[in-house]
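Single-letter residue listing:
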Amino acid sequence: MIYNSKVNLILISGPVKSGKSKWAEKIISQNKDITYIATHINDNSKEWKIRLEQHKKRRPKEWHTIETPDIIKVISDIDNSQAILIDSLGGIVSYYIHCEQNEWNIIKKNIILSLKKYKGFSVIVSEETGWSVSPHTKIGNRFRDRLGELTQEIDSISTDSWLVVHGRAINLNTNSLNINTY
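Residues numbered from 1 in each chain as written. Predicted model: local features only at pLDDT ≥ 70, side-chain atom pairs only at ≥ 80, totals over all residues. Heavy atoms only, no water.

K.L.:
Please clarify how the overall build of the chain should be interpreted in this entry.
P.N.:
Each helix and strand counted, the chain has six helices and seven strands in total. Counted from the first residue to the last, the chain has its helices and strands arranged as β-α-β-α-β-α-β-α-α-β-α-β-β. At 16 Å, the chain has a C-alpha radius of gyration in line with the 16 Å of a compact globule built from 182 residues. In terms of principal-axis extent, the alpha carbons of the chain reach across some 45 × 45 × 35 Å. Split into buried and exposed, the 182 residues of the chain put 43% on the buried side. Across the chain, the fraction of contacts at a sequence separation of at least 24, relative to all contacts at a separation of at least 6, is 79%. Of the accessible surface of the chain, which amounts to about 10800 Å², a share of 51% is contributed by carbon and sulfur atoms. Of the side-chain charges in the chain, 25 are positive and 20 negative, and the distance between the mean point of each set is 3 Å. (Helix = DSSP H or I, 4+ residues; strand = E, 2+ residues; numbered from the N terminus. Rg over C-alpha atoms; globule rule 2.2 N^0.38 Å. Buried < 20%, exposed > 50% of the residue type's maximum accessible area, 1.4 Å probe, protein only. Contact = heavy atoms within 4.5 Å. Areas by Shrake-Rupley, 256 points an atom, 1.4 Å probe, with all protein chains shown as cover. Lys, Arg positive; Asp, Glu negative; His and termini not counted. Charge placed at Lys NZ, Arg CZ, Asp CG, Glu CD.)

What follows is the structure in structure tokens.
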């Protein structure tokens with residue numbers, strides 16, 4: 001069973017090309033009214049356009065799509081009867097990457113608060129980073145660290161959490177121990 005009607009927020013993470021977005025779409029598709037929030041800013045490269053097209057072709061046309069990394073206001077404007085899919089946290093972190101740490105902490109807090117206030121069903125996709133070589137740039141390390149922290153904070157308020165690797169989904173709630181409580 002992948003869906004429980006009592007679940008309000010599901011977090012899905014995984015590395016690039018793991019199938020995490022596909023898994024998120026499968027879980028959210030069990031709802032009737034769906035808003036898809038695409039957070040990445042288009043960089044206009046050929047590769048990026050191809051990737052976006054693949055995602056768009058996979059989604060049903062009746063899903064409402066919003067393209068913005070500024071999810072705080074968007075979430076507050078969505079009716080609780082809508083199910084929302086946020087794909088992905090990396091786009092949000094990229095959008096705010098140049099903010100100083102104090103400003104980022106406020107933004108992160110407001111993201112968490114907006115997710116807590118939303119009473120509808122939501123699925124959030126996050127990229128896993130830092131599994132191999134550490135970035136050699138300050139901004140690369142900032143991105144990796146902020147994404148990791150934001151993902152952990154969202155996981156702490158989620159009611160279900162999945163890791164998708166090699167096209168396989170692992171339910172972290174049933175197949176792991178929380179190191180903070182163990």
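Now that the structure is up, let's keep going.
K.L.:
Even after reading the chapter, I still don't get the packing of helix α5 (residues 101–117) against helix α6 (residues 138–157), so can you show me in this structure?
P.N.:
A packed helix pair is summarised by two numbers, namely the angle formed by the two axes and the spacing between the axes. Close contact between α5 and α6 brings their axes to 11 Å; oriented N to C, the two are set at 25°. Our classification of the angle between α5 and α6 gives roughly parallel. Read as a crossing pair, α5 and α6 show a hand that is right-handed. Residues Gln 101, Trp 104, Lys 108, Ile 111, Ile 112, Leu 115 and Lys 116 of α5 form the contact with α6, whose own contacting residues are Arg 146, Glu 149, Leu 150, Glu 153, Ile 154 and Ile 157. For the contact of α5 with α6, the per-class residue count stands at seven nonpolar, one polar and five charged. (Axes fitted to C-alpha atoms, helices over the stretch in contact; angles between N-to-C directions. Parallel < 35°, antiparallel > 145°, perpendicular 65-115°, else oblique. Left-handed = near helix turned anticlockwise from the far one by under 90°. Nonpolar A, V, L, I, M, F, W, Y, C, P; charged D, E, K, R; others polar.)

K.L.:
Where do I start with the environment of Lys 22 in this structure?
P.N.:
Along the chain, the position of Lys 22 falls in helix α1 (residues 20–28). Remark: the alpha-carbon pair of Lys 22 and Asp 43, spanning 21 residues in sequence, is separated by 22 Å.

Geometric descriptors of this kind do not, in isolation, establish any biological role.
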